[in-house]
Amino acid sequence: MGFCRGPKTSTIQLKGQLSLEAIRPFEWTVNNMDLDWRVCSRARLSRDARFDGKFFIGVLTTKIYCRPICPARTCKESNVRYYASAAAAAEAGFRPCLRCRPECSPGTPAWLGTSNTVSRALRLIGESGLGDRGVEGLAERLGVGSRHLRRLFLRHLGATPLAIAQTRRFHFAKKLIDETRLPMNQIVLASGFGCVRRFNAAIRNFYHRTPTQIRHLARQKEIQSEDQYIFRLNFRPPYHWQGMLDFLAPRCTPGVEVVEAGCYRRTISANGHDGYFEVSPDNERNLLVARIEIADPQSLFFIVERIRAMFDLNADWADIEETLGNDPVLRERLEAHPGLRVPGCWNGFELATRAILGQQITVKGATALAGRLVTRFGKPFRGPNGLTHLFPEPGILADAKLAGVGVTAVRGETIRALARGVCDGKINFVGIVDSEAFLCRLCEIPGIGKWTAHYVAMRALGEPDAFPSTDLGLLRAMNLTSSHELECRSETWRPWRAYAAMYLWRFGTRRPLETGFFPRSADNYRSHDVSRARFISTMIKEEV
């Protein structure tokens, strides 16, 4: 199950003519997961990077599965099979190609047309694996039976949840062998294997080579310092790296984040260990280079997955462009500046706190407040080039007196209430199954409204359809006067409204992004009893 050959009912369809220029992203159906072999074949023959990670090619003569961009000699059509996931190819008896390295392919977006249950399950597996309770525990969190969950995975992805999780673990182990100098016993722990013997047997069975042979083939020449790791993270082109930096730079919390010389750098904490990472583009290939320094290699899988989410590396630009390009207001911006992504975040609590600090003030003022907050309550950290602190933990801010750093009484109480909610387990930014319920819980905190909740959903949860419709910048960009009008207009942008918001914020206002314009909501002003005259005066000053 999971492969296609010959002209079947198309669930990956061509838009327009069968020319390479006309190939558009494929679509999944709800009822079956067959692939249109014609689209897969053309993507394979052209080595089209836009399809990287969307399907995998099993070669019958070698029993190897490859990415669509594999540089190996092109096989005859009769000798290949197409699979919707790497796990499906592995389940069919194919082993990963050591040349194109399927473990390096961009991930398939969880919202790519599969059922909501499968999408949520993929997100949970990506965040923390299957956990101690396995598929049964995952199904319980999703509110379905484990047998039904397996059926859904087989229908949509061609493999069970266990096979998906195991393939991810194998792929990450392969990346550690190829791209780091970690000893094998530490790779065993970092990739989630219980013992060295089981690890060696599993890798040999999966790759038909021992871990030592795989490392020898990698021929790694780059020297890495102790506790430093370098990973190459692929994406589907195009990618607007400068747009990502332009958004993050004015919002960098002093001491915690730095943007300089085309790189992003920040402090992190994982499993009780402190460290930092730096991300920069590889200008010759479709990838970002992540340099991580932390003393705990077992945290690497979590860190790498968080970086991928933070820089939106799994996004399918062709699908986004196809949907948003139907709107004449967005079409010109999309064509002129392709590949703008939705910036994520390292920590949801940190982002929500920063969003609260930014209410009713400019982004420059919010950045200054955040810097003072970190200096006063953050944990000192000795890092490179301006990295001096880690962002304060919720337990520290739950009872902190924030007036001393310039935070108003109302904002201070909102931050404390958020921190207490996180400490009590009422608010959690990971493992979210029902995003609507999460937004409702967030809005129950006094001082957090619809705008802040949707902004957090965009960046902390990676919700591609989150949309702060009360945002004044979006209203002005669309020349509309009410959030209801904007909601109606945005219906045609689903499920990519978060990307539409990014384009309207960056290119839809007269004020350039570099000035630090921070999108905000008229509802925030009304909710805190600010008079309409003061509100209009504030907006006039910002325009000047």
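Report on the accompanying structure. (Residues numbered from 1 in each chain as written. Predicted model: local features only at pLDDT ≥ 70, side-chain atom pairs only at ≥ 80, totals over all residues. Heavy atoms only, no water.)

**Looking at the pairing of strand β6 (residues 228-234)**
What counts, and what does not: Here the term buried applies to any residue with accessible area under 20% of the maximum for its type, exposed to any over 50%, and partly exposed to those in between, with areas from a 1.4 Å probe on protein chains only. Under the scheme used here, helices are H or I runs from DSSP no shorter than 4 residues and strands are E runs no shorter than 2 residues, and both carry numbers assigned from the N terminus. Only when DSSP finds a minimum of two bridges between them are two strands counted as paired.
Most of β6 is tucked away: five of the seven residues are buried. Judged from the seven bridges that link them, β6 and strand β10 (residues 287-294) form a sheet pairing that is antiparallel. Each bridged residue has a counterpart across the sheet, and for Asn-234 the counterpart in β10 is Leu-287.

**Description of the layout of surface pockets**
Quick reminder of the rule: A 1.4 Å probe that fits into a set of points on a 1 Å grid over the protein atoms alone but cannot get out defines a cavity; an open set with protein on both sides within 12 Å along at least five of seven lines defines a pocket, and lining residues are those with an atom within 4 Å of a point. Grid points are joined across faces, edges and corners, and a volume is the space filled by probe spheres set on the points. Here the nonpolar group is Ala, Val, Leu, Ile, Met, Phe, Trp, Tyr, Cys and Pro; Asp, Glu, Lys and Arg are the charged ones; every other residue, Gly included, is treated as polar.
Size it by volume and the second largest pocket reaches roughly 1,200 Å³. Considering the residues around the second largest pocket, the lining is formed by 50 residues, among which Pro-71, Leu-98, Arg-99, Cys-100 and Arg-101 are closest to the centre. Within the residue set of the lining of the second largest pocket, elements represented by two or more residues are β2 (56-59), β3 (64-66), β5 (95-96), α6 (161-179), α9 (211-218) and β6. Among the residues making up the lining of the second largest pocket, the classes are represented as 24 nonpolar, eight polar and 18 charged.

**Quick notes on the nonpolar core**
To keep it simple, the criterion reads: Throughout this description, the term nonpolar core refers to a set of buried Ala, Val, Leu, Ile, Met, Phe, Trp, Tyr and Cys residues connected via side-chain atoms within 4.5 Å. Residues count as neighbours in contact if any of their non-hydrogen atoms are within 4.5 Å of one another.
Of all hydrophobic cores here, the largest spans 116 residues; its most connected members are Phe-277, Phe-311 and Leu-397. Beyond its immediate sequence surroundings of up to four residues, Leu-397 is in contact with Phe-349, Thr-353, Leu-373, Phe-377, Phe-391, Pro-392, Leu-402, Ile-415, Arg-416 and Ala-419. If you look at the next biggest cluster of nonpolar residues, it comprises 19 residues, including Leu-138, Leu-142, Leu-149 and Val-433.

**A word on the pattern of salt bridges**
Here is the rule we go by: Throughout this description, the term salt bridge denotes a Lys or Arg side-chain nitrogen within 4 Å of a carboxyl oxygen of Asp or Glu.
One pass over the structure, following the stated rule, counts 28 salt bridges. Taking the shortest distance from any N to any O, the salt bridge between Asp-246 and Arg-506 comes out at 3.0 Å. Of this pair, Asp-246 sits in helix α10 (residues 241-248) while Arg-506 sits in helix α22 (residues 497-507), and the two are 260 residues apart along the sequence. In this structure, Glu-487 and Lys-450 form a salt bridge, with 3.4 Å as the shortest nitrogen-oxygen distance. Here the residue Glu-487 occupies a position in helix α21 (residues 483-490), and Lys-450 occupies one in helix α19 (residues 450-459), the gap between them amounting to 37 residues.

**Notes on empty space enclosed by the protein**
Counting across every chain of the model gives three cavities of 30 Å³ or more. The computed volume of the largest cavity comes to approximately 180 Å³. Arg-251, Glu-257, Glu-350, Leu-351 and Arg-459 are, among the 19 residues lining the largest cavity, the residues nearest its centre. Of all the secondary-structure elements, those providing two or more residues to the lining of the largest cavity are β8 (263-270), α14 (348-357) and α19. In terms of residues, the lining of the largest cavity owes the most to one element, α14, which gives four residues. Of the residues in the lining of the largest cavity, the class split is 10 nonpolar, three polar and six charged.

**Section: the pairing of β10**
Burial runs high along β10: six of the eight residues are buried. Two strands pair when backbone bridges link them, and strand β9 (residues 273-282) and β10 are joined in this way by eight bridges, in the antiparallel orientation. What sits directly across from Asp-282, in β10, is Leu-287. Here β9 hands over to β10 after four residues, the two strands then running antiparallel side by side.

**Considering the sheet that holds β9**
By definition, the strands of a sheet pair up through backbone hydrogen bonds, in either a parallel or an antiparallel sense. Applied cut-off: Axis geometry follows a simple rule: fit a line to the C-alpha atoms, using only the stretch in contact for helices, then measure angles between N-to-C directions, giving values from 0 to 180 degrees.
Across the sheet, five strands lie side by side as β6-β10-β9-β8-β7; this open sheet has antiparallel pairing. Edge positions in the open sheet fall to β6 and β7 (257-260), since each of these has one partner strand only. Each strand axis lies, on average, 20 degrees off the axis of its neighbour in the sheet, ignoring direction. Across seven bridges, β8 lies against β9 in antiparallel orientation. Bridging from a neighbouring strand, Ile-268 pairs with Gly-275 of β9.

**Focus on α22**
Extensive coverage of α22 is indicated by the burial of 10 of its 11 residues. Here α22 has its buried residues at Arg-497, Ala-498, Tyr-499, Ala-500, Ala-501, Met-502, Tyr-503, Leu-504, Trp-505 and Arg-506. On its buried face, α22 is in contact with α10, α12 (317-324), α13 (328-336), α19, α20 (472-477) and α21.

**Some details on the packing of aromatic side chains**
As a reminder of what qualifies: Paired rings are identified among Phe, Tyr and Trp, the last through its six-membered ring, by centres lying within 6.5 Å, and are further divided according to the angle between planes into stacked (under 30 degrees), edge-to-face (over 60) and tilted (the rest).
Summed over all chains, the structure comprises 24 aromatic pairs. For the ring pair Phe-277 and Trp-346, a centre distance of 5.9 Å and an interplane angle of 50 degrees mean the geometry is tilted. In this pair, Phe-277 sits in strand β9 while Trp-346 sits in the loop between α13 and α14, placing the two residues 69 residues apart along the sequence. On the basis of relative accessibility, which here comes to 6%, the residue Trp-346 falls in the buried class. Between Trp-317 and Tyr-503 the ring centres are 6.0 Å apart and the planes differ by 35 degrees, which places this aromatic pair in the tilted class. A residue pair is termed long-range when its members are at least 10 positions apart, and Trp-317 in helix α12 and Tyr-503 in helix α22 qualify at 186 residues. Judged on exposure class, the residue Trp-317 and its partner Tyr-503 are both buried.

**With respect to the environment of Val-80**
Here Val-80 lies in strand β4 (residues 80-83). C-alpha separation for the pair Val-80 and Ile-57, spaced 23 residues apart in sequence, amounts to 6.4 Å.

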